[in-house]
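Here is how the chains run, residue by residue.
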Amino acid sequence: MSDYAAKFNIEQTERLRKLCCELPECAFEFFRGIENRTSVLTRIGYARDLKVFFRYLCNNIDVFNGKDVLELTIEDLSKVTPTHIEMFLEYLSSYQDTNGKRLVNSATGKNRKLACLRSFYKYFLKKEKISVSPAAIVDMAKVHEKPIIRLDVNEVANLLDGVETGSELTRHEKSIHDSITAKRDLAIITLFLSTGIRISELVGIDIDDFDFENNSFLVTRKGGKQAILFFGQEAKDALIEYLKERQTINPKDDDKNAFFLSMQKKRIGVRAVQQLVKKYARHSTPLKKISPHKLRSTFGTMLYNETGDIYLVADVLGHKDVNTTKKHYAAQDELRRLYASKQIKLREDEF
């Protein structure tokens, strides 16, 4: 694990521990039990979802009235019924958090919280501390699939041209682009489009992760697993041009080995990368909301169209389950089948 990944993991572990201080003892046991098979970010998401669920039980379900969240026990939670969980999911449609802010959950958000509860109850069922999981009986909400947004070949060229020249930026943006960020931004966008890496992976790259002789670099995947990815000549050119500039910058001690730096000479953050992608994409593709993840989808589509190998795409993108990849690129299969159908003529055209 890289220094950045190790530091990130420590920071998020401390964050999880603070969240757990607002949860009952059984939540501690659950998180300890699933630590070896989940990422710390997954457990943080679970902690937030459980906090909302427990607060709902204490405030809205008669059998728990008068109880504080911290007082809840396994015995209390075994009293939860499928109906209680269905009521909770309906509550998520519109509710207020502890600060009075109105929150709304879509079908996807509800399904995520239900998945958390299923995992929570499944753990204690396996430990034989409860006899039935009420969450397992509740159906997931139907999710209407959104079309996957990706760039076509011309849009990719326009985006890269815009990043390279900065011609469509405002006067202030152009000034910063020309004097500070042009080479860095081009290297970032090119690396996204050439390798399909996640934004969390990109910000964690260190200088010594690169091997320019073999056009490869080491990346820390979700869950801390490391993999070697490869890039082409165009990406190599952009990365080396930025590296020359990067070597003239003296960053803060904690970020001396970080490859991509912010204007504050610190390791660039996720939010900053999201903003720079949005800045360039709004000019080159104004009708599409392009994010780093859309650039990842673009790479996956281009790779699949070139190779037709869904397993290769899954491996390069770092998908644990090839079904995840198939879900995203099924539309491409339909286009290929449509193309194939037009190649066969049973009769010659008559004139």
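Everything here concerns the structure above.
Residues numbered from 1 in each chain as written. Predicted model: local features only at pLDDT ≥ 70, side-chain atom pairs only at ≥ 80, totals over all residues. Heavy atoms only, no water.

A word on the environment of Asp49. Along the chain, the position of Asp49 falls in helix 3 (residues 40-60). Taking the C-alpha atoms as reference, Asp49 lies 13 Å from Leu16; in sequence the two are 33 residues apart. Each residue touching Asp49, except ones within four places of it in the same chain, is listed here: Arg112, Lys113 and Cys116. (Helix = DSSP H or I, 4+ residues; strand = E, 2+ residues; numbered from the N terminus. Contact = heavy atoms within 4.5 Å.)

Turning our eyes to something else, we now look at the sheet that holds strand 3 (residues 210-211). Here we have 3 strands laid out as an open sheet, ordered 3-4-5, and antiparallel in their pairing. Two strands bound the open sheet, and with one partner strand each, they are strand 3 and strand 5 (226-230). (Pairing = 2+ DSSP bridges.)

Bringing the side chain of Arg150 into the picture now. Considering the arrangement of structural elements, one finds Arg150 in the loop between helix 7 (134-137) and helix 8 (153-165). For the buried Arg150, which has no salt bridge, the nearest side chain bearing the opposite charge is Glu155, at an N-O separation of 9.5 Å. Polar contacts involving the side chain of Arg150 include one to the side chain of Thr301, which spans 2.4 Å. (Buried < 20%, exposed > 50% of the residue type's maximum accessible area, 1.4 Å probe, protein only. Lys, Arg positive; Asp, Glu negative; His and termini not counted. Salt bridge = Lys/Arg side-chain N within 4 Å of Asp/Glu carboxyl O. Polar contact = N/O pair within 3.5 Å; in protein donor to acceptor, adjacent residues only side chain to side chain.)

Grouped together as the largest cluster of nonpolar side chains are 43 residues, with contacts concentrated most on Phe31 and Phe54. Of all the secondary structure elements, the ones that give two or more residues to this core are helix 1 (3-20), helix 2 (25-34), helix 3, helix 4 (74-77), helix 5 (82-91) and helix 6 (107-126). Here the element with the most residues in this core is helix 3; it accounts for 11 residues. Once residues lying within four places of it in the same chain are set aside, the contact partners of Phe31 are Cys20, Leu23, Arg43, Tyr46, Ala47 and Leu50. With 41 residues, the next largest nonpolar core counts Ile188, Ile197, Ala235 and Leu261 among its residues. (Core = buried A, V, L, I, M, F, W, Y, C linked by side-chain atoms within 4.5 Å.)

Right, let's get into a positive patch on the surface. Positive charge collects at one region of the surface, where Arg37, Lys122, Lys126 and Lys127 lie side by side. Within the secondary structure, Lys122 is located in helix 6. On the basis of relative accessible area, Lys122 is assigned to the exposed category, the value being 61%. (Patch = residues over 30% accessible without salt bridge, like charges linked within 9 Å, V, L, I, M, F, W, Y side chains within 5 Å. Areas by Shrake-Rupley, 256 points an atom, 1.4 Å probe, with all protein chains shown as cover. Charge placed at Lys NZ, Arg CZ, Asp CG, Glu CD.)

Where burial is concerned, most of strand 4 (residues 216-220) is hidden: 4 out of the 5 residues are buried. Bridging between strand 3 and strand 4 involves 2 bridges; their strand directions are antiparallel. Bridge pairing links Phe210 to Phe217 in strand 4. Counted along the chain from strand 3 to the antiparallel partner strand 4, the turn is 4 residues long, and its residue Asn215 has a positive phi close to 50°. Across 5 bridges, strand 4 lies against strand 5 in antiparallel orientation. Across the sheet, Thr220 pairs through a bridge with Gln226, a residue of strand 5.

Interaxial distance between helix 1 and helix 3 falls to 9 Å at its minimum, and their mutual angle equals 20°. Here helix 1 lies roughly parallel to helix 3, going by the angle between them. Here the hand of the crossing between helix 1 and helix 3 comes out left-handed. Note on element contacts: helix 3 touches helix 1 through Val40, Leu41, Arg43, Ile44, Ala47 and Arg48, opposite Phe8, Asn9, Gln12, Thr13, Arg15, Leu16 and Leu19. Grouping the amino acids of the contact of helix 1 with helix 3 by side-chain chemistry returns 7 nonpolar, 3 polar and 3 charged. (Axes fitted to C-alpha atoms, helices over the stretch in contact; angles between N-to-C directions. Parallel < 35°, antiparallel > 145°, perpendicular 65-115°, else oblique. Left-handed = near helix turned anticlockwise from the far one by under 90°. Nonpolar A, V, L, I, M, F, W, Y, C, P; charged D, E, K, R; others polar.)

Below, the discussion takes up the environment of Asp211. You can see Asp211 is positioned in strand 3. Overall, Asp211 belongs to the partly exposed group, its relative accessible area being 30%. Each C-alpha atom, one on Asp211 and one on Asn111, is 42 Å from the other, the two residues being 100 residues apart in sequence. At 3.2 Å, the side chain of Asp211 and the backbone nitrogen of Glu213 are in polar contact. In this structure the side chain of Asp211 is engaged in a polar contact, spanning 2.6 Å, whose partner is the side chain of Asn214.

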